[in-house]
Amino acid sequence: MKELVCIVCPKGCRLTVDEEKDFAVTGNACPRGAEYGLNEIKNPTRVLTSTVKVEGGLYRRCPVKSSAPIPKGKLIEVMALLNRVSLTAPVSLGQVVLSHPAGCNADIIATKEM
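Criteria and thresholds
Residues numbered from 1 in each chain as written. Predicted model: local features only at pLDDT ≥ 70, side-chain atom pairs only at ≥ 80, totals over all residues. Heavy atoms only, no water. Pairing = 2+ DSSP bridges. Helix = DSSP H or I, 4+ residues; strand = E, 2+ residues; numbered from the N terminus. Axes fitted to C-alpha atoms, helices over the stretch in contact; angles between N-to-C directions. Contact = heavy atoms within 4.5 Å. Expected span 1.5 Å × (residues − 1). Buried < 20%, exposed > 50% of the residue type's maximum accessible area, 1.4 Å probe, protein only. Arc of directions from axis to C-beta. Lys, Arg positive; Asp, Glu negative; His and termini not counted. Salt bridge = Lys/Arg side-chain N within 4 Å of Asp/Glu carboxyl O.

Caption draft 1: Layout of the sheet that holds strand S3 (residues 24-26). Taken together, three strands build an open sheet; the order of strands is S1-S2-S3 and the sheet is antiparallel. One side of each edge strand has no neighbouring strand; the edge strands of this open sheet are strand S1 (2-5) and S3. Averaged over all pairs of adjacent strands, the angle between strand axes in this sheet comes to 25 degrees, irrespective of strand direction.

Caption draft 2: View of the sheet that holds strand S9 (residues 96-99). With mixed pairing, the five strands of this open sheet are ordered in space as S8-S5-S6-S10-S9. The outermost strands of the open sheet, each flanked by one partner alone, are strand S8 (86-88) and S9. Strand-to-strand, the axes of this sheet are offset by a mean angle of 35 degrees, without reference to chain direction. Summarising the sheet, strand S6 (residues 61-66) and strand S10 (residues 107-110) pair through three bridges and their orientation is antiparallel. Note that in S10 the partner of Ser66 across the bridge is Ile108. Set on the sheet, helix H2 (residues 75-83) makes contact with strand S5 (49-55), S6, S9 and S10; between it and S5 the angle comes to about 15 degrees.

Caption draft 3: Highlighting helix H1 (residues 31-42). Spanning 12 residues, H1 covers 17 Å between terminal C-alpha atoms, matching the ideal 16 Å at 1.5 Å per step. Among all positions in H1, only Gly33, Tyr36, Gly37 and Glu40 are buried. Taken down its axis, H1 places every buried residue within 100 degrees of arc, on the same side. Among the exposed residues of H1, those oriented more than 90 degrees off its buried face are Pro31, Glu35 and Lys42.

Caption draft 4: Region of the structure containing the side chain of Asp18. Of note, Asp18 is situated in strand S2 (residues 14-18). For the buried Asp18, no salt bridge exists, and the shortest N-O distance to an oppositely charged side chain is 4.3 Å, to Lys21. Apart from the residues within four sequence positions on either side, Asp18 is in contact with Met1, Phe23 and Ala24.

This is the structure:
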């Protein structure tokens, strides 16, 4: 059994996921908590936020994030790819910085005009 704290809403339900009983989730106050608990055990994902280099802009780094959650096991690989990215100003809000890094179904996008 795994114990988790649900982060879907501010309630912070204490979830228990029983892997021996077909991943049964208990302790959730809503269906979203059950879905979160199941996904967190079977396929944990995270939205990645970081920065990349920018040349010719007012600032030296541009904030970026993934357009969708990325599998937790691929975060280090995606961060290594981002470390090699260097943009040239101007950079548009929402501009794709890296498309489908490490085979993920997400793009890395700029979150600020530069």
